[in-house]
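A closer look at the structure
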Amino acid sequence: MIKLLHAADLHLDSPFSGLSPEQAAARRKEQRELPAKLAELCRIHGCDALLLAGDVFDGESVAPETVEALLAAFAACPCPVFLAPGNHDPLSAASPYRTERWPVNVHIFASRAISPVELPEQHCRVFGAGFESAYESGLLGGFSAPQDGWVNVMVLHGDALNPNSPYNAVTKEQIAASGLRYLALGHIHQASGLLRAGHTAYAWPGCAMGRGFDELGQKGAYLGEVSDSGVRLDFLPLHGRSYEILRVEAGDDALAAVTAALPEDTQNDIYRVILTGEAEPVETAALQAALAPRFYALTIRDETRPRRALWEGAEEDTLRGLFLQALKAQYDAAQTEVDRRKIALAARCGCAAMDGREAAE
């Protein structure tokens, strides 16, 4: 049995262009802490290997302090580190993978040809390959691990969702034919959970840190136990700031509506609040100013529709007009405010249905 930590897509030195320059610099500093967090998780959980499935760097240009942080974290890691370069950090001549002297416990798969590294104490082989350019194809095609009683795993950057991907498309048929016990993938930024193709288990853990509103929620890595009898994965959060999208019916008081909808702890996170429904015109600048202190960063989008008068169209000789006339008569005759609210809601829902839209609450 081998215990491993599987992470991918750290994208160190990302631009964070949606944030202010000061916030973007702070986020890049937070990114540099990720490798040390992974090394600490390996220590806490007694891992036999750390598998990094590509895109450790966001591009070829890497800050010296980023490389220093990575080298220090890997040197402190209590187990071997296996790294398969991806499309953002391919094995170019200028890549730190080629120019830096890496700690002795680090193995970088420095060719598109799959090769193994043996871990004799665990009776395990770790296979891998790396992107030599930004585009690769067929790295897993035709591969089959030896079936000799050893546990065979692989770390690889590849797209397992798009068979036409230029980023090393990996198919279920290739995975099933690989003879691997576990395939540790990178490239897809949303965690997959444990998947299977034939007798091979595979997964991608998602990106290690959200960088935009297409990478929502908590991010992390997989802790895996791999043996001849099967594979178990547990998701370990890499606690940090998250990107979140919150849709709120603005109503008559957008500030009160958003405040009521917010979770308790938002001050460390990056939010996009989208205002929806029928509403009076919203002063988004004033709303932004009132809410901004509750977040690390906040953007507001106004997708509201102008509020229509409740009985607008009741005088028309149309289906809408006849519908509204009937309800208005009931509204005028209602004895309680509760009944009037129910009738008004029925009017709005009915008109929304006739318009082919959702009703504002």
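Just above sits the structure.
Here goes a summary of the coordinates provided. The structure presented is a predicted model; accordingly, all values stated were derived computationally and were not measured. (Residues numbered from 1 in each chain as written. Predicted model: local features only at pLDDT ≥ 70, side-chain atom pairs only at ≥ 80, totals over all residues. Heavy atoms only, no water.)

**Comments concerning the pattern of salt bridges**
Definition in use: A pair is scored as a salt bridge if a Lys or Arg side-chain nitrogen falls within 4 Å of a carboxyl oxygen belonging to Asp or Glu. In this text, helices come from DSSP runs of H or I with a minimum length of four residues, and strands from runs of E with a minimum of two, each type numbered from the N-terminal end.
This structure, assessed with the given rule, holds 16 salt bridges. A salt bridge links arginine 320 to aspartate 355; its shortest N-O distance comes to 2.3 Å. Of the two residues, arginine 320 sits in helix α8 (residues 319-333) while aspartate 355 sits in helix α9 (residues 337-355), which places them 35 residues apart along the sequence. Taken together, the shared-partner salt bridges in this structure form one network comprising Asp13, Arg32 and Glu65.

**Some words on the state of the cysteines**
Covalently bonding the sulfur atom of one cysteine to the sulfur atom of another cysteine gives a disulfide. Just so we agree on the cut-off: What counts as a disulfide here is a pair of cysteine sulfur atoms lying within 2.5 Å. Whether a residue is buried, partly exposed or exposed follows from its accessible area with a 1.4 Å probe, protein chains only, as a fraction of its type maximum: under 20%, in between, or over 50%, in that order.
By the definition in use, this model includes zero disulfides. Left unpaired, cysteine 77 is separated from the closest cysteine sulfur, that of cysteine 79, by 3.7 Å. Given a relative accessible area of 7%, cysteine 77 falls into the buried group.

**Description of the pairing of strand β11 (residues 220-227)**
Note the following rule: At least two DSSP bridges between two strands are needed for those strands to be called paired.
Burial analysis of β11 places seven of its eight residues in the buried class, the great majority of the element. In terms of strand pairing, strand β1 (residues 2-7) meets β11 through five bridges, oriented antiparallel. By the bridge assignment for β11, leucine 5 is matched with leucine 223. One ladder, built from eight bridges, connects β11 with strand β12 (residues 230-237); its direction is antiparallel. When the sheet's bridge partners are listed, leucine 223 is paired in β12 with aspartate 234. Here β11 hands over to β12 after two residues, the two strands then running antiparallel side by side.

**Points about the nonpolar core**
What counts is decided by this rule: Among buried residues, the Ala, Val, Leu, Ile, Met, Phe, Trp, Tyr and Cys ones that are joined through side-chain atoms within 4.5 Å form a nonpolar core. We call two residues in contact when some of their heavy atoms are within 4.5 Å.
Ranked by size, the top nonpolar core spans 42 residues in total, and within it Leu5, Leu38, Leu50, Leu52, Phe74, Tyr97 and Trp102 carry the most contacts. Listing elements by their share of this core, those giving two or more residues are β1, α2 (34-45), β2 (49-52), α3 (64-76), β3 (81-83), β4 (106-108) and β11. Per-element accounting of this core gives the leading share, five residues, to α2. Those residues in contact with leucine 52 that lie beyond four places of it in its chain are Ala7, Leu10, Leu38, Phe74, Val81, Phe82, Leu83, Ala84 and Val155. Among the nonpolar cores identified, the runner-up in size contains 24 residues, and Leu4, Ala84, Phe109 and Leu119 belong to it.

**Notes on the sheet that holds strand β13 (residues 243-249)**
Keep this limit in mind: Here the axes come from fitting lines to C-alpha atoms, over the contacting stretch only for helices, and the angles between their N-to-C directions go from 0 to 180 degrees.
Spatially, β13-β14-β16 is the arrangement adopted by the three strands of the open sheet, whose pairing is parallel. Taken across any chain shown, the strands that pair with only one partner, and hence form the sheet edges, are β13 and β16 (297-302). Shown here is a sheet whose adjacent strand axes are inclined to one another by a mean of 20°, direction ignored. Here β13 pairs with strand β14 (residues 270-276) via seven bridges, running parallel.

**Examining the environment of alanine 69**
Considering the arrangement of structural elements, one finds alanine 69 in helix α3. Of the residues examined, alanine 69 reaches a relative accessible area of 24% and is grouped as partly exposed. Counting along the chain gives 37 residues from alanine 69 to arginine 32, while the straight-line C-alpha distance between them is 6.2 Å.

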